[in-house]
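Spelled out, the chains give:
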Amino acid sequence: MSKIQIGILAVQGDVTENFLATMASMSELGIDGTVVQVKTIEQISELDGLIIPGGESTVIGQMSLVNGGLKKIKEKIESGMPVFGICAGMIFLSKNSKDKVVGKVEQPLLDVLDVKIERNSFGRQKDSFEANISMDPVGISSFNGVFIRAPSVSETGSDVEILAKFNEKIVAVKQGNILATAFHPELTRDISLHKSFVKLVDNLN
Ligand code: GLN
């Protein structure tokens, strides 16, 4: 089996935390691979998997437009590369997003995840919270979800599997090779979700 390479989109946001959680996941799983911070468009074609970290989705979107990065990432995902979008990353993957506080905002989206997103669904920064989440479809019965200006999924297409809800709102989904959470697994010590993503990448290689 070839060595896998997982990239962390290093435009803005929680890059280092995701880098470390992915490295730890590979090592715990005994998988031979590398983790790279993706800063140039050339790196994208080398990847077997990509994590899009939390941060600010409008900034990540705008910066990804530079040199056609967005298009390249979209093509890779459409050709089957596994991707894990976290919070702002989940928004960036979506087809459609609207801000609960300010309404429709024009922002570049990858348009690969068939969901509608409500940004800032739980309120502003001061309304950030932690909650216990269960994600039974991926075999994780309890996970400490860290929600920071988190979105939620308000509508799902027919190919989208709902992995978790909190207070009736959808906070984790999977659609084929696309995994997305509204909360931040990289900000906890629990690497189980990163491990399931690494396994997904490894299984396809
Ligand atoms: N509210 C942010 C956005 O809309 C996401 C916040 C986060 O990634 N923690 O991009």
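The structure under discussion appears in the preceding block.
Residues numbered from 1 in each chain as written. Predicted model: local features only at pLDDT ≥ 70, side-chain atom pairs only at ≥ 80, totals over all residues. Heavy atoms only, no water.

Topic: the overall build of the chain
Here's step 1: Secondary structure assignment for the chain yields 6 helices and 13 strands.
Here's step 2: The C-alpha radius of gyration of the chain comes to 15 Å, within 12% of the 17 Å expected for a compact globule of 205 residues.
Here's step 3: For the C-alpha atoms alone, the extent of the chain along its principal axes is close to 45 × 40 × 30 Å.
Here's step 4: Across the 205 residues of the chain, 52% fall into the buried class.
Here's step 5: Taking contacts inside the chain between residues at least 6 apart in sequence as the whole, the part at least 24 apart equals 68%. (Helix = DSSP H or I, 4+ residues; strand = E, 2+ residues; numbered from the N terminus. Rg over C-alpha atoms; globule rule 2.2 N^0.38 Å. Buried < 20%, exposed > 50% of the residue type's maximum accessible area, 1.4 Å probe, protein only. Contact = heavy atoms within 4.5 Å.)

Considerations on the packing of aromatic side chains
Ring pairs (aromatic) are described by centroid distance and by the angle formed between their planes.
Here's step 1: Applying the stated rule across the entire model yields 9 aromatic pairs.
Here's step 2: Within the aromatic cluster, the residues linked to one another by ring pairs are Phe122, Phe129, Phe143, Phe147, Phe166 and Phe183.
Here's step 3: The lysine or arginine in question, Lys169, covers the ring of Phe122, its NZ or CZ lying 5.0 Å from the ring centre. (Phe/Tyr/Trp six-rings, centres within 6.5 Å; stacked < 30°, edge-to-face > 60°. Lys NZ or Arg CZ within 6 Å of the ring centre and 35° of its normal.)

Focus: the packing of helix H1 (residues 15-29) against helix H6 (residues 192-203)
Here's step 1: At a minimum axis separation of 9 Å, H1 and H6 run at an interaxial angle of 65 degrees. With respect to H6, the axis of H1 lies roughly perpendicular. In this structure, H1 meets H6 at a crossing whose hand is right-handed. Residue-level contacts link Asn18, Ala21, Thr22, Ser25, Met26, Glu28 and Leu29 of H1 to His194, Lys195, Val198 and Lys199 of H6.
Here's step 2: A per-class count over the contact of H1 with H6 returns 4 nonpolar, 4 polar and 3 charged. (Axes fitted to C-alpha atoms, helices over the stretch in contact; angles between N-to-C directions. Parallel < 35°, antiparallel > 145°, perpendicular 65-115°, else oblique. Left-handed = near helix turned anticlockwise from the far one by under 90°. Nonpolar A, V, L, I, M, F, W, Y, C, P; charged D, E, K, R; others polar.)

Re the site of the ligand
Here's step 1: In the region of the ligand, the neighbouring residues are Gly54, Gly55, Glu56, Ser57, Cys87, Ala88, Ile91, Arg119, Asn120, Ile148, Arg149 and His184.
Here's step 2: At 3.1 Å from an oxygen atom of the ligand is found a main-chain nitrogen or oxygen belonging to Ala88.
Here's step 3: At 2.9 Å, a backbone N or O of Ile148 approaches a nitrogen atom of the ligand.
Here's step 4: Here the ligand loses 98% of its free accessible area of 300 Å² to cover by the protein chains.
Here's step 5: Split into classes, the residues belonging to the shell around the ligand amount to 4 nonpolar, 5 polar and 3 charged. (Near = heavy atom within 4 Å. Polar contact = N/O pair within 3.5 Å; in protein donor to acceptor, adjacent residues only side chain to side chain. Areas by Shrake-Rupley, 256 points an atom, 1.4 Å probe, with all protein chains shown as cover.)

Points about helix H3 (residues 57-65)
Here's step 1: Turning to H3, its buried residues number three or more, namely Ser57, Ile60, Gly61 and Ser64. Mapping the buried residues of H3 onto a view down its axis gives an arc of 100 degrees, with all of them on the same face.
Here's step 2: Buried residues in H3 make contact with strand E1 (4-9), strand E3 (49-52), helix H4 (69-78), helix H5 (88-93) and strand E7 (113-119).
Here's step 3: Within two residues after H3, Asn67 carries a phi angle of roughly 60 degrees, on the positive side. (Arc of directions from axis to C-beta.)

Focus: H1
Here's step 1: With 15 residues, H1 should cover 21 Å at 1.5 Å per step; its first-to-last C-alpha distance of 21 Å lies within 8% of that length.
Here's step 2: For H1, the set of buried residues is Val15, Asn18, Phe19, Ala21, Thr22, Ser25 and Met26. (Expected span 1.5 Å × (residues − 1).)

A look at the pairing of E3
Consecutive side chains along a regular strand alternate between the two faces of the sheet.
Here's step 1: Of the two faces of E3, both are covered, the one formed by Gly49 and Ile51 as well as the one formed by Leu50 and Ile52.
Here's step 2: Pairing analysis gives 3 bridges linking E1 to E3, with the strands arranged parallel. Bridging across to E3, Ile6 finds its partner in Gly49.
Here's step 3: Where E3 lies against strand E4 (residues 83-86), 3 bridges are found, and the strand directions are parallel. Note that in E4 the partner of Ile52 across the bridge is Gly85. (Pairing = 2+ DSSP bridges.)

Description of the environment of Val15
Here's step 1: The residue Val15 is located in helix H1 in this model.
Here's step 2: Beyond its immediate chain neighbours, meaning those up to four positions away, Val15 contacts Ile8, Leu9, Ala10, Gln37 and Pro53.

What about the pattern of salt bridges?
Here's step 1: With the rule as written, the count across this model stands at 9 salt bridges.
Here's step 2: Between Lys71 and Glu75 there is a salt bridge, with the nearest N and O atoms lying 3.5 Å from each other. Of this pair, Lys71 and Glu75 both sit in helix H4, 4 residues apart, which is roughly one turn of that helix.
Here's step 3: For Lys71, a relative accessible area of 57% gives the class exposed.
Here's step 4: Two residues, Glu118 and Lys169, come together in a salt bridge whose shortest N-O distance is 3.8 Å. Here Glu118 is found in strand E7, whereas its partner Lys169 is found in strand E12 (residues 169-175), with 51 residues between them in sequence.
Here's step 5: Taking the relative accessible area as the measure of exposure, Glu118 reaches 23% and is therefore partly exposed. (Salt bridge = Lys/Arg side-chain N within 4 Å of Asp/Glu carboxyl O.)

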